[in-house]
Amino acid sequence: MSKNEELKDVFKTKCWNGQVITDAYQVFAFCFSKAEIAIYRNFIEELILCSQENVVYNRNEPFDTIVYMKAIRSVILAAESLKDNKSPIEVSSFEPLDKRYFLRHSEADVWSSFPRFLSFKEYSDPYLMFQKFFKLECSKDWTKVLKEVMEFALSIDSVMPVINTIKIYTYLSGLLEAAHLIDLREVVHIGGNLKTKFRK
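Residues numbered from 1 in each chain as written. Predicted model: local features only at pLDDT ≥ 70, side-chain atom pairs only at ≥ 80, totals over all residues. Heavy atoms only, no water.

Draft legend 1. Looking closely at the overall build of the protein. The helix and strand inventory of the protein stands at 9 helices and 2 strands. Along the chain direction, N to C, the helices and strands of the protein fall in the order α-α-α-α-α-α-α-α-α-β-β. The buried share among the 200 residues of the protein stands at 43%. The long-range share in the protein, meaning contacts at least 24 apart out of those at least 6 apart in sequence, stands at 73%. In the structure as shown, the protein presents an accessible area of about 11,200 Å², 54% of it carried by carbon and sulfur atoms. (Helix = DSSP H or I, 4+ residues; strand = E, 2+ residues; numbered from the N terminus. Buried < 20%, exposed > 50% of the residue type's maximum accessible area, 1.4 Å probe, protein only. Contact = heavy atoms within 4.5 Å. Areas by Shrake-Rupley, 256 points an atom, 1.4 Å probe, with all protein chains shown as cover.)

Draft legend 2. Quick look at the packing of helix α8 (residues 139–153) against helix α9 (residues 165–186). One can describe the packing of α8 onto α9 by two numbers: an axis separation of 12 Å at closest approach and a directional angle of 115 degrees. The orientation of α8 relative to α9 falls into the category roughly perpendicular. Between α8 and α9 the crossing geometry is left-handed. Packed against α8, whose contacting residues are Trp 142, Val 145 and Leu 146, the element α9 presents Ile 168, Tyr 171 and Leu 172 at the interface. Of the residues contributing to the contact of α8 with α9, the split by class is 6 nonpolar, no polar and no charged. (Axes fitted to C-alpha atoms, helices over the stretch in contact; angles between N-to-C directions. Parallel < 35°, antiparallel > 145°, perpendicular 65-115°, else oblique. Left-handed = near helix turned anticlockwise from the far one by under 90°. Nonpolar A, V, L, I, M, F, W, Y, C, P; charged D, E, K, R; others polar.)

Draft legend 3. How the structure looks around the pattern of salt bridges. Tallying each qualifying case throughout the model produces 6 salt bridges. Notably, a salt bridge pairs Arg 41 with Glu 177, separated by 2.7 Å at the nearest N-O pair. Residue Arg 41 is located in helix α3 (residues 37–51), and its partner Glu 177 is located in helix α9; the two are separated by 136 residues in the primary sequence. As far as burial versus exposure is concerned, Arg 41 and Glu 177 are alike and both buried. Note that Lys 147 is salt-bridged to Glu 151, the shortest N-O span being 2.5 Å. (Salt bridge = Lys/Arg side-chain N within 4 Å of Asp/Glu carboxyl O.)

Draft legend 4. View of the nonpolar core. One finds Phe 28, Tyr 40, Ile 76 and Phe 130 to be the most contacted residues of the largest nonpolar core, which totals 54 residues. Elements supplying a minimum of two residues to this core: α2 (24–34), α3, α4 (62–82), α7 (127–136), α8 and α9. If sequence neighbours within four positions are ignored, Tyr 40 has contacts with Cys 31, Phe 32, Lys 34, Ala 35, Tyr 68, Ala 71, Ile 72 and Leu 176. (Core = buried A, V, L, I, M, F, W, Y, C linked by side-chain atoms within 4.5 Å.)

Draft legend 5. Broad picture of the packing of aromatic side chains. Across all of its chains, the model carries 13 aromatic pairs by this definition. Taken together, a centroid distance of 5.7 Å and an interplanar angle of 85 degrees make the contact between Phe 32 and Tyr 40 edge-to-face. Note on Phe 133 and Trp 142: the rings are 4.1 Å apart at their centroids and 15 degrees apart in plane angle, and the pair reads as stacked. For the residue pair Phe 133 and Trp 142, the accessibility class agrees, reading buried in each case. Linked through ring pairs, Phe 32, Tyr 40, Phe 43, Tyr 57 and Tyr 68 together constitute an aromatic cluster. Cation over ring: Arg 185 sits above Tyr 123, and NZ or CZ is 4.9 Å from the ring centre. (Phe/Tyr/Trp six-rings, centres within 6.5 Å; stacked < 30°, edge-to-face > 60°. Lys NZ or Arg CZ within 6 Å of the ring centre and 35° of its normal.)

Draft legend 6. Examining the side chain of Asp 183 more closely. Position of Asp 183 relative to the elements: it lies in helix α9. Apart from residues lying up to four places away in sequence, Asp 183 is in contact with Phe 28, Ala 29, Phe 32, Arg 104 and Lys 195.

What follows is the structure, given as structure tokens:
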């Protein structure tokens, strides 16, 4: 690749990660290196609540808010490219609470790390959640919803028109939980550096 030729930013990662990520799995890895799944889940909940009330979202610094939103958008785009995949790891119905399948590291909080919005089938094969997510809306429509939620949540004098907030919250949270599980189970490195759990 020539110096003047730039990588195509199909997952729109440069704006929040500082570099273009072309591998969908690495989008997940970098996203969850920024924050734990519980932080993203709470972020979505609070942002949606603020978009429905005359309250400005101010839980995080403005920069962090933008980074989280952009990272979630990238996860949506990456997930769409992987929605037809199947999990190579089968979770038995006898071991859903086995920490290997959902806990990022030994110091992470078990309860906040465990998925809240996935069925057992989706927990066993997170790609099923991707299929469910994009059966409802395509990535273009989901990113539009995300943008509108953020704009209304950060606006002081406007309230977002009535929407199915529960469905948006559960679907977005479920998508992120599925991406988190895939990253945890299948991705061994972040940008070429082995994750701690895979180092000898």
